[in-house]
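Residues per chain, in single letters:
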Amino acid sequence: MEDQILGEKPRKRHPLILFLIWILFTLVVVALGYPRVRSSIEDSGVLEVLKTSGLSSQSQANTRNVEVVFIQYPQTFKTFTVQQSRLGGSAYHDTFEALLSGPSLEILKTGAVSYIHADTTLIGVTLSSSILYVDLSKEYLLSPDLETARQQIRRTALAFQRVKDVVILVEGKQLS
């Protein structure tokens, strides 16, 4: 179709050619600038800083500080902060895993002990309507003093702001 006023055909733009010219220009800029940019980054030491900060943040992401309650002589409940590996999906789970693991050597040196039987394992922990349900294995019933063991679990759970009450289950059944 010709332009009736000028008598010329309208020019067709070739977007593919423009795109190829842009790609070629970008490749030339990258090829010429890459060695200088690379040496500048290596000289700055940024890569080493990123590597070390990445390792430390990764190790921090694999642990969390939790508060657990152990007993110091005579029947004094004391809260200890313990660094626990992230084993479960929640802080509740990791806290009770730390509690059931028993006191560390440093905590034992302060005279603190656990009244929860050493073979007790955590089956699950769930928070619902501000009530924390802690499900333990049947070895919990072998604890030397069940009331003190119950208080350990209760005091550890009530340290969480969202927890208003605690229900202890053994193998899925509520203790009476």
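Residues numbered from 1 in each chain as written. Predicted model: local features only at pLDDT ≥ 70, side-chain atom pairs only at ≥ 80, totals over all residues. Heavy atoms only, no water.

Undergrad: Account for the overall build of the protein, naming residues and giving values.
TA: The helix and strand inventory of the protein stands at five helices and seven strands. Secondary structure elements of the protein, listed N to C terminal, follow the sequence α-α-β-β-α-α-β-β-β-α-β-β. In the protein, which comprises 176 residues, the share counted as buried stands at 27%. Counting only contacts in the protein whose residues sit at least 6 apart along the sequence, the fraction spanning at least 24 positions is 55%. Here the protein displays about 12,700 Å² of accessible surface, and carbon together with sulfur accounts for 57% of that area. (Helix = DSSP H or I, 4+ residues; strand = E, 2+ residues; numbered from the N terminus. Buried < 20%, exposed > 50% of the residue type's maximum accessible area, 1.4 Å probe, protein only. Contact = heavy atoms within 4.5 Å. Areas by Shrake-Rupley, 256 points an atom, 1.4 Å probe, with all protein chains shown as cover.)

Undergrad: Lay out helix α5 (residues 146-158) in plain terms, naming residues and giving numbers.
TA: In a regular helix each residue adds 1.5 Å, so 13 residues correspond to 18 Å; α5 covers 18 Å between its end C-alpha atoms and thus fits that length. Among all positions in α5, only Thr148, Ala149, Gln151, Gln152, Ile153, Thr156 and Ala157 are buried. On its buried side, α5 packs onto β1 (63-72), β2 (76-85), α3 (91-101), β3 (112-113), β5 (131-136) and β6 (165-170). (Expected span 1.5 Å × (residues − 1).)

Undergrad: Quick rundown of the pattern of salt bridges? Include the residues and the values.
TA: What the rule picks out here adds up to three salt bridges. For glutamate 147, the salt bridge is made with arginine 150, and the minimal N-O distance between the two is 2.8 Å. Note that glutamate 147 and arginine 150 are positioned in helix α5 at a spacing of three residues, about one turn of the helix. Exposure remark for glutamate 147: the relative accessible area of 42% places this residue in the partly exposed category. (Salt bridge = Lys/Arg side-chain N within 4 Å of Asp/Glu carboxyl O.)

Undergrad: Describe in detail the sheet that holds β3, supporting the description with residues and values.
TA: Spatially, β2-β1-β3 is the arrangement adopted by the three strands of the open sheet, whose pairing is antiparallel. A single partner strand is all that each edge strand has here, and the edge strands are β2 and β3. Pairing between β1 and β2: 10 bridges, direction antiparallel. By the bridge assignment for β2, valine 68 is matched with phenylalanine 80. Set on the sheet, α5 makes contact with β1, β2 and β3; between it and β1 the angle comes to about 145°. (Pairing = 2+ DSSP bridges. Axes fitted to C-alpha atoms, helices over the stretch in contact; angles between N-to-C directions.)

Undergrad: Pulling in residues and values, what's your account of the nonpolar core?
TA: If you look at the biggest cluster of nonpolar residues, it comprises 27 residues, and the most contacted ones within it are Phe96, Leu132, Val134, Leu136, Tyr140 and Ile153. At the level of secondary structure, the elements contributing two or more residues to this core comprise β1, β2, α3, β4 (122-128), β5, α5 and β6. Sort the elements by how many residues they give to this core and α3 lands first, with five residues. (Core = buried A, V, L, I, M, F, W, Y, C linked by side-chain atoms within 4.5 Å.)

Undergrad: Mind laying out the packing of α3 against α5, listing which residues take part and the relevant values?
TA: Packing of α3 against α5 brings their axes to within 11 Å, and their N-to-C directions diverge by 150°. Considering the angle they form, α3 stands roughly antiparallel to α5. α5 is crossed by α3, and the crossing has right-handed handedness. Of the residues in α5, those in contact with Thr95, Phe96 and Leu99 of α3 are Gln152, Ile153, Thr156 and Ala157. Split by residue class, the contact of α3 with α5 holds four nonpolar, three polar and no charged. (Parallel < 35°, antiparallel > 145°, perpendicular 65-115°, else oblique. Left-handed = near helix turned anticlockwise from the far one by under 90°. Nonpolar A, V, L, I, M, F, W, Y, C, P; charged D, E, K, R; others polar.)

Undergrad: Break down the packing of aromatic side chains for me, citing the residues and quoting the values.
TA: Scanning the model with the defined rule gives three aromatic pairs in all. Judged by centre distance (6.1 Å) and plane angle (45°), the rings of phenylalanine 70 and phenylalanine 80 are tilted. Pair noted here: phenylalanine 70 is in strand β1 and phenylalanine 80 is in strand β2, with a separation of 10 residues, a long-range link. (Phe/Tyr/Trp six-rings, centres within 6.5 Å; stacked < 30°, edge-to-face > 60°.)

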